[in-house]
Amino acid sequence: MMRFSDGVTRVLGAVLGICFLMPTASAEESGNYQSVASFTYDYVKFNFAGQTVISGPLHGSETITGSTGSPFEVGQSSTLTCAVYGKKSAAGMDLEAPCVSVDSDGDELYVIARRRVGDTESGGGGDGQQEIAGGTGKYAGITGSCTYTAEYLPGNRAVSVTSCDWSKP
């Protein structure tokens, strides 16, 4: 059996102690993905003080069509539920919708969609921004931003195409 002198033992102990106490560097994960969504909506609309107020649920599904990889895999689909609130005036549209997307594993992704242009009438649509605001499971701690284009169709239906950049510490 090999024996070390007290000096060598102390040096080895100090080096090992420093290694275990040093913070571990963790690489931030990041990437991008694209998706297409199809949904139905049931908005209530009414006039209020010179503007139209729009509010109601939006339900549908979303499928990943392009991705740099995990946790957003090409072909992965999820359900989509949003609560939409907007005001339309002569100045344009001001719309916000917190949404939850639930994948087949039951993991939830939270986004907040915002539009300041376009319309929400049949045949309308427009461009908007989304903020990725975290989630559960594989989406816990994830943040990012997205751009999207929505097109409203007859029969309270709509489609959107989204492109997102995300990161996760």
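Provided above is the structure to which this section pertains.
This write-up is about the structure you can find in this document. (Residues numbered from 1 in each chain as written. Predicted model: local features only at pLDDT ≥ 70, side-chain atom pairs only at ≥ 80, totals over all residues. Heavy atoms only, no water.)

### Some words on a nonpolar patch on the surface
A grouping of Val44, Phe46 and Phe48 is seen on the molecular surface, where their side chains present a nonpolar patch of about 300 Å² in accessible area. Topologically, phenylalanine 48 is positioned in strand S2 (residues 44-48). (Patch = residues over 30% accessible without salt bridge, like charges linked within 9 Å, V, L, I, M, F, W, Y side chains within 5 Å. Areas by Shrake-Rupley, 256 points an atom, 1.4 Å probe, with all protein chains shown as cover. Salt bridge = Lys/Arg side-chain N within 4 Å of Asp/Glu carboxyl O. Helix = DSSP H or I, 4+ residues; strand = E, 2+ residues; numbered from the N terminus.)

### What about the environment of aspartate 42?
In this structure, aspartate 42 sits in the loop between strand S1 (29-41) and S2. Sequence spacing of aspartate 42 and arginine 157 is 115 residues, and the spatial spacing of their C-alpha atoms is 9.1 Å. Excluding its chain neighbours within four sequence positions, the residues that come into contact with aspartate 42 are Ser55, Gly56 and Pro57. (Contact = heavy atoms within 4.5 Å.)

### Describing the state of the cysteines
Taken as a whole and judged by the stated rule, the model has two disulfides. Residue cysteine 146 pairs covalently with cysteine 164 via a disulfide, S to S 2.1 Å. One quick way to see it: the torsion about the S-S bond of cysteine 146 and cysteine 164 is about 110°, and its sign makes the bridge right-handed. Of this pair, cysteine 146 sits in strand S8 (residues 143-153) while cysteine 164 sits in strand S9 (residues 157-168); the two residues are 18 residues apart in sequence, bridging distant segments of the chain. Cysteine 164 matches cysteine 146 in its accessibility class, with the two residues each being buried. Disulfide partners in the chain, listed by the sequence order of the bonded cysteines, are 1-2, 3-4. (Disulfide = S-S within 2.5 Å. Buried < 20%, exposed > 50% of the residue type's maximum accessible area, 1.4 Å probe, protein only.)

### Section: the pattern of salt bridges
A complete count under the given rule lists five salt bridges for this structure. With a closest N to O distance of 3.2 Å, glutamate 96 and arginine 114 form a salt bridge. Of this pair, glutamate 96 sits in strand S5 (residues 92-103) while arginine 114 is found in strand S6 (residues 108-115), placing the two residues 18 residues apart along the sequence. Across the salt bridge formed by aspartate 107 and lysine 138, the nearest N and O atoms sit 2.8 Å from each other.

### A few points about empty space enclosed by the protein
Applying the stated criterion to the full structure yields two cavities of 30 Å³ or more. Its boundaries defined by the atoms lining it, the largest cavity holds a volume of some 290 Å³. Looking at the largest cavity, it is lined by 25 residues, and the ones nearest its centre are Phe39, Cys82, Cys99, Ala113 and Gln130. Of all elements in the fold, only S1, strand S3 (51-67), strand S4 (77-89), S5, S6, S8 and S9 reach the threshold of two or more residues within the lining of the largest cavity. Here the lining of the largest cavity takes five residues from S5, the largest share from any one element. Split by residue class, the lining of the largest cavity holds 18 nonpolar, five polar and two charged. Around the second largest cavity, the lining residues are Tyr33, Glu62, Ile64, Phe72, Gln76, Ser77, Ser78, Ser101, Asp103, Asp107, Leu109 and Tyr139. Elements that contribute at least two residues to the lining of the second largest cavity include exactly S3, S4 and S5. Considering only residue class, the lining of the second largest cavity consists of five nonpolar, four polar and three charged. (1 Å grid on protein atoms, 1.4 Å probe; cavity = no way out; pocket = protein on both sides within 12 Å on 5 of 7 lines; lining within 4 Å. Points joined across faces, edges and corners; volume = space filled by probe spheres on them. Nonpolar A, V, L, I, M, F, W, Y, C, P; charged D, E, K, R; others polar.)

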